[in-house]
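Secondary and tertiary structure notes
One-letter residues, chain by chain:
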Amino acid sequence: MKYSDQNILTQACQELFETMFFTFVEPVDPQADPVTIPDGCLLHGKISLDSSLEEKLHFIAPKAMLKNMASILLHNDRPAEITEAELLDLTREITNIMLGKALRKANQDQTQRFAALTAESIRSTRDLRIGPDCDPTYFQTEWGTIMLVFERGHAGHTA
Amino acid sequence: MSFNVLIIDDSFSMRRIIRRILSISGFDLGLVLEAANGREALELMSENWVDLILSDINMPEMDGLTFLKEVRKSEVHKNTPVVIITTEACTASLNEAYALGVRDYIKKPFVPEQIRDRLTGILKGGKA
């Protein structure tokens, strides 16, 4: 099983949020229950694999969710004090850890190195320029929907 | 006897999480220093005594392995215990870190108890 397999990504995401944030995220089957992510304040983390810069993992989550988690971790429950820089930093770190966890789960951690870790605020998932033929994995949370997308290289379509 | 700890990670969220875990884990801490990469860490170590280093591997400017090689060359700090705390999934990097004498390796994500339990033995072993 490859690290980009949806089952592996689902497990990696669930375990990360349970371990770091004591939060349970429920996977959603988009065929049984179509998913829409409303426009609003979203955070987008992206990481590439060094061995193949055409492969990327995208992590998109509601800003309110990450603000809550950052406040628990960093500021003793004072969300108002969380800065944009802190949220972007936490988004990068979650994306980074998620990919590492997926690689370990798939036993594909022998030689893989990570690169080009970025995070940004976006208003809509339509702002993402992700290549075609990528099946997102969705998770429901009390703050809204998390989306994970594993992207294989499509020249000219990458974010 | 208090211990000075140096946390090295390019994510300030992660540095703060680790600092917080250290503070609630009952260790007798002296200085808790933070650096965003190996170069910053070496600068801090030139001015401060450090009893324990907690370091990431993947960092800009100077990564954890390069930093570790520099530390091992230092007459003052060559025996300072180092624990790697990283997402780094590359086994070759971890093997290199162990060859450079790291005491332990903690994978992210971690729970506070992992940090506390793994560091307790090292800190109880006394100052380097």
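Not measured: the values here are computed from a predicted model. (Residues numbered from 1 in each chain as written. Chains lettered and ligands numbered in written order. Predicted model: local features only at pLDDT ≥ 70, side-chain atom pairs only at ≥ 80, totals over all residues. Heavy atoms only, no water.)

**Some points on the overall build of chain B**
Along its length, chain B carries five helices and five strands. Along chain B, from the amino end to the carboxyl end, the secondary structure elements read β-α-β-α-β-α-β-α-β-α. Relative to the compact-globule value of 14 Å for 128 residues, chain B shows a C-alpha radius of gyration of 13 Å, a close match. Viewed in the frame of its principal axes, chain B has a C-alpha envelope of about 35 × 30 × 25 Å. Here chain B, with 128 residues, has 54% of them falling under the buried criterion. Sequence separation of 24 or more characterises 65% of the internal contacts of chain B that already satisfy a separation of 6 or more. In the form shown here, chain B has an accessible surface area of approximately 5,500 Å², with 49% of it arising from carbon and sulfur atoms. (Helix = DSSP H or I, 4+ residues; strand = E, 2+ residues; numbered from the N terminus. Rg over C-alpha atoms; globule rule 2.2 N^0.38 Å. Buried < 20%, exposed > 50% of the residue type's maximum accessible area, 1.4 Å probe, protein only. Contact = heavy atoms within 4.5 Å. Areas by Shrake-Rupley, 256 points an atom, 1.4 Å probe, with all protein chains shown as cover.)

**Observations concerning the pairing of strand β2 (residues 29–35) of chain B**
All names here are of chain B. Of the strand pairs in this sheet, strand β1 (residues 3–8) and β2 are connected by five bridges, and their pairing is parallel. Each bridged residue has a counterpart across the sheet, and for Leu6 the counterpart in β2 is Leu33. Crossover β1 to β2 through helix α1 (residues 12–24) is right-handed. (Pairing = 2+ DSSP bridges. Right-handed = clockwise from strand over helix to strand, strands pointing away.)

**What about the packing of helix α1 (residues 6–21) of chain A against helix α2 (residues 63–74) of chain A?**
Residues and elements named next belong to chain A. Put simply, α1 and α2 touch, their axes get as near as 11 Å, and they point 40 degrees apart. In terms of orientation, α1 lies oblique with respect to α2. Contacts between α1 and α2 pair Phe17, Met20 and Phe21 from the former with Met65, Met69 and Leu73 from the latter. Of the residues that constitute the contact of α1 with α2, the class distribution is six nonpolar, no polar and no charged. (Axes fitted to C-alpha atoms, helices over the stretch in contact; angles between N-to-C directions. Parallel < 35°, antiparallel > 145°, perpendicular 65-115°, else oblique. Nonpolar A, V, L, I, M, F, W, Y, C, P; charged D, E, K, R; others polar.)

**Overview of the interface of chain A and chain B**
Taken residue by residue, the interface counts 25 residues in chain A and 23 residues in chain B. Interface area, chain A with chain B, both sides summed: about 2,100 Å², of which 53% is carbon and sulfur. Where chain A touches chain B, the interface holds two salt bridges. Where chain A packs against chain B, one counts seven residue pairs in polar contact (both at pLDDT 80 or more). Ranked by the residues each element gives to the side of chain A that touches chain B, the list is headed by helix α3 (residues 84–105) of chain A, at 11 residues. For the side of chain A that touches chain B, the class distribution of residues is 10 nonpolar, eight polar and seven charged. (Buried area = accessible area lost by both parts, 1.4 Å probe. Salt bridge = Lys/Arg side-chain N within 4 Å of Asp/Glu carboxyl O. Polar contact = N/O pair within 3.5 Å; in protein donor to acceptor, adjacent residues only side chain to side chain.)

**Considering the confidence of the model for chain B**
Residues and elements named next belong to chain B. For chain B, per-residue confidence averages 91 on the pLDDT scale, and residues scoring 70 or more make up 95% of the total. Looking over chain B, one finds the lowest element-wise mean pLDDT in helix α4 (residues 91–99), namely 87, and the highest in helix α2 (residues 38–47), namely 97. Prediction confidence for the complex, expressed as pTM and ipTM, is 0.87 and 0.84 respectively. (pLDDT = per-residue confidence, 0-100.)

**Topic: helix α3 (residues 64–73) of chain B**
All names here are of chain B. Turning to α3, its buried residues number three or more, namely Gly64, Leu65, Phe67, Leu68 and Val71. Buried residues in α3, looked at end-on, bunch into an arc of 155 degrees, giving them a common side. Buried-residue contacts for α3 involve β1, α2, β3 (52–55), β4 (82–86) and α4. At the N-terminal boundary of α3, the capping side chain belongs to Asp63, with an oxygen 3.1 Å from the backbone nitrogen of Leu65. (Arc of directions from axis to C-beta.)

**Observations concerning the side chain of Arg15 of chain B**
Residue and element names in this part refer to chain B. Of note, Arg15 is situated in helix α1. By relative accessible area, Arg15 is classed as buried at 12%. Aside from chain neighbours lying at most four places away, what touches Arg15 is Ile7, Asp9, Asp10, Glu34, Ala35 and Ala36.

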